[in-house]
Each structure stands twice: as C-alpha cells, then as structure tokens.
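Understanding the architecture of this molecule
The chain contents come next:
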Amino acid sequence: MTFHIQRRTLIQTQLESAASIGVDPADVASAQPVSGGLCKVFGIHAGLNLTVFDVIAGTALGEPVRSAPCLAIDILFNATGRGWISPPDGGEDLSIPYRRGMMYLTFAPHGATGRYDVPAGARFHGIDIRIGLDFLERLGWLGAFAVLTRGHPHHVASCGACWIGALSLPERIAGQAKSLLDSSLLNENDLAMEARCLDIIDAAIACVSSPAPLPAPTNRDRRRIEAARDILLDDLSRTWTIAELPGDAVSAKSGSRQDSRRSSESRSIAIFNSRD
C-alpha cells in the first residue's frame, strides 16, 4: 500500500502554488511514517489551505514537527491516539486525545511544536483547514482568538504557544464536511470546495465565539425549583432566606456548592418580593 500527497490550487484562485500553512503533510509523513493512503492539499486563497486525508499510520510514536503560526480547524471522521504539544517554556507536554466525530480548533499565533502518538495501523480520515494570521485578521477574528482562555467551555489544553479547543461535531458542520470531502476526493468541484470550506470556517468560529448554552434542568431539579417557587408565592409579604426553605426545594440550586450555600443562608430572597 502506497502513500500519496497531491497539491494544487483551485482553478478560480490566482495562487501559484498550494504552499502549506502550519504543518506540511510531508513533514508529518516523515516524522511518523504512514503505511498508505492519500493526502490532498488545496490552495483556497492566500493564507487559506484545505487538506483532506485518508491515511493509515505506520508507526506508533512520531518525531516532533513544527507548525507555523495559524488557526487550524480539524474534523475527524476516523481517528484514535493522541497528539502532544510542547510548551515553549519547557513545561510538561500537553495531551490532546484524538476521537472520531470531533472538531478541534488550534490557535497557535507564534507557531507550535508537537508530535503524533497514533497506534500503528490506525486509520486517520478527515479534513484540516489552515488559516494564516493575516487572513484571520482580514476576517475580523484574530482578536477574538487572541483572548481565548482556559475558562472557555470548549478548552482542552493551552500554553504560551497555543490554545486548543474541542467539541463534538455539530450536525450542520458534519454535513458540510462530508460534502467537502466528496467535492475534494471524488469529483474535485472547485467552486463547491471553496464554498464548503468557507461555510465550515464560519460555523466553527461561531461555535467558539458563542457561549455554550446552559444545560437544561432535569425533571427532578425542575420539581424542586417549582416547589421552592410555590413556597415563596404562598407568602409574598415575607422576606425569605435560603435557610428557611425546605432542603429538598433548594438542593437543585445549591447541590454540590455547599460552601456557597452556607455563605448565602442569611441572604434575603427578594426576587419575588420586588415584583409589582
């Protein structure tokens, strides 16, 4: 089984070559030899590349590779193993587990060094979109990624060199990615490739920039909240405190935050009393 790397620009672009942004697939194949498969690199715009891949890993642990500054959006349909990022200050390597059905966003404004730890014989199938910092700035999103922190709901790892987020692949993006794979691997429809690539970028950035919705309360929690509400509504003239409410009625709100509850027991519940 042989491994092939193909490169070209889209027919509607004015690019002279599909120069790699971030990590060059040839460097990856050299660092962690693959036993077979296909990797196609497409130059979409200056500062924007698409790589589609369907490869079989040949060795378990690869050598370090260096990525140039970029934002990488990776969507994996088949994957296992993990990646490692080496912090520039010499700290402990960051571990990123690879799983099928996941989308990963890696923002490396100064570049990053890492390696792949993938079981021999494992199949890696998906797409990789690399966005240079100049292109990201023209889109108006460079500043938004520059301020991402560990507190972001999709954060999985970060250091001075990069920020990495991961989330289960949303259905909408999964459909776009599969369409992009078909356009690139089967009939190479250049207009469709450009459109789907931009659609995925827009949807992926929206996932990171929009806060994750709060989890819906369970039926049990809902019953407890309603019980507390009923108690408050029975006597609106009274200034209630949390300590005066039955434990079952407020446990959905306090739950595991006992320290917070104890410090709040003397706090008045005036939300209903202040209503007209």
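Calculation criteria
- Residues numbered from 1 in each chain as written.
- Predicted model: local features only at pLDDT ≥ 70, side-chain atom pairs only at ≥ 80, totals over all residues.
- Heavy atoms only, no water.
- Helix = DSSP H or I, 4+ residues; strand = E, 2+ residues; numbered from the N terminus.
- Buried < 20%, exposed > 50% of the residue type's maximum accessible area, 1.4 Å probe, protein only.
- Axes fitted to C-alpha atoms, helices over the stretch in contact; angles between N-to-C directions.
- Parallel < 35°, antiparallel > 145°, perpendicular 65-115°, else oblique.
- Left-handed = near helix turned anticlockwise from the far one by under 90°.
- Contact = heavy atoms within 4.5 Å.
- Nonpolar A, V, L, I, M, F, W, Y, C, P; charged D, E, K, R; others polar.
- Pairing = 2+ DSSP bridges.
- Core = buried A, V, L, I, M, F, W, Y, C linked by side-chain atoms within 4.5 Å.
- Salt bridge = Lys/Arg side-chain N within 4 Å of Asp/Glu carboxyl O.

1. Some thoughts on the environment of Gly 165
Along the polypeptide, Gly 165 turns up in strand S12 (residues 163-168). When its relative accessible area of 1% is taken as the criterion, Gly 165 is described as buried. Residues Gly 165 and Ile 96, spaced 69 residues apart in sequence, show a C-alpha to C-alpha distance of 9.5 Å.

2. Describing the packing of helix H4 (residues 171-185) against helix H5 (residues 190-209)
It is the contact of H4 with H5, at a shortest axis distance of 9 Å, that shows an interaxial angle of 155 degrees. Of the possible angle classes, the one that applies to H4 and H5 is roughly antiparallel. Remark: the crossing between H4 and H5 carries left-handed chirality. Here H4 contributes Arg 172, Ile 173, Gln 176, Ala 177, Ser 179, Leu 180, Ser 183 and Ser 184 to the contact with H5, which in turn contributes Ala 192, Met 193, Arg 196, Cys 197, Asp 199, Ile 200, Asp 202, Ala 203, Ala 204 and Cys 207. For the contact of H4 with H5, a count of residues per class yields 10 nonpolar, 4 polar and 4 charged.

3. Points about the sheet that holds strand S9 (residues 112-117)
With antiparallel pairing, the 4 strands of this open sheet are ordered in space as S4-S9-S6-S7. Among the strands making up the open sheet, the edge pair consists of strand S4 (65-67) and strand S7 (94-97). Neighbour-to-neighbour, the strand axes of the sheet open up by a mean angle of 30 degrees, direction not taken into account. Bridging between strand S6 (residues 82-86) and S9 involves 5 bridges; their strand directions are antiparallel. In the strand pairing of S9, Ile 85 is matched with Gly 114.

4. Considerations on the nonpolar core
In terms of nonpolar packing, the biggest core is built from 36 residues, with Leu 50, Ile 75, Met 103, Ile 127, Ile 129, Ile 131 and Phe 145 touching the most fellow members. If you tally residues by element for this core, the top one is H5, at 8 residues. One finds Ala 57, Tyr 98, Tyr 104 and Ala 157 within the second-largest nonpolar core, a separate group that totals 22 residues.

5. Digging into the pattern of salt bridges
The tally for this structure, following the rule as stated, stands at 5 salt bridges. Ionic pairing is found between Asp 190 and Arg 8, a salt bridge with its closest N-O pair at 2.6 Å. Of the two residues, Asp 190 is situated in helix H5 and Arg 8 in strand S1 (residues 3-9); the sequence distance between them amounts to 182 residues. Overall, the relative accessible area of 6% leaves Asp 190 in the buried class. Looking at Arg 8, the relative accessible area reads 25%, which means it is partly exposed. The salt bridge involving Arg 130 is made with Asp 128; its shortest N-O contact spans 2.9 Å. As far as burial versus exposure is concerned, Arg 130 and Asp 128 are alike and both buried.

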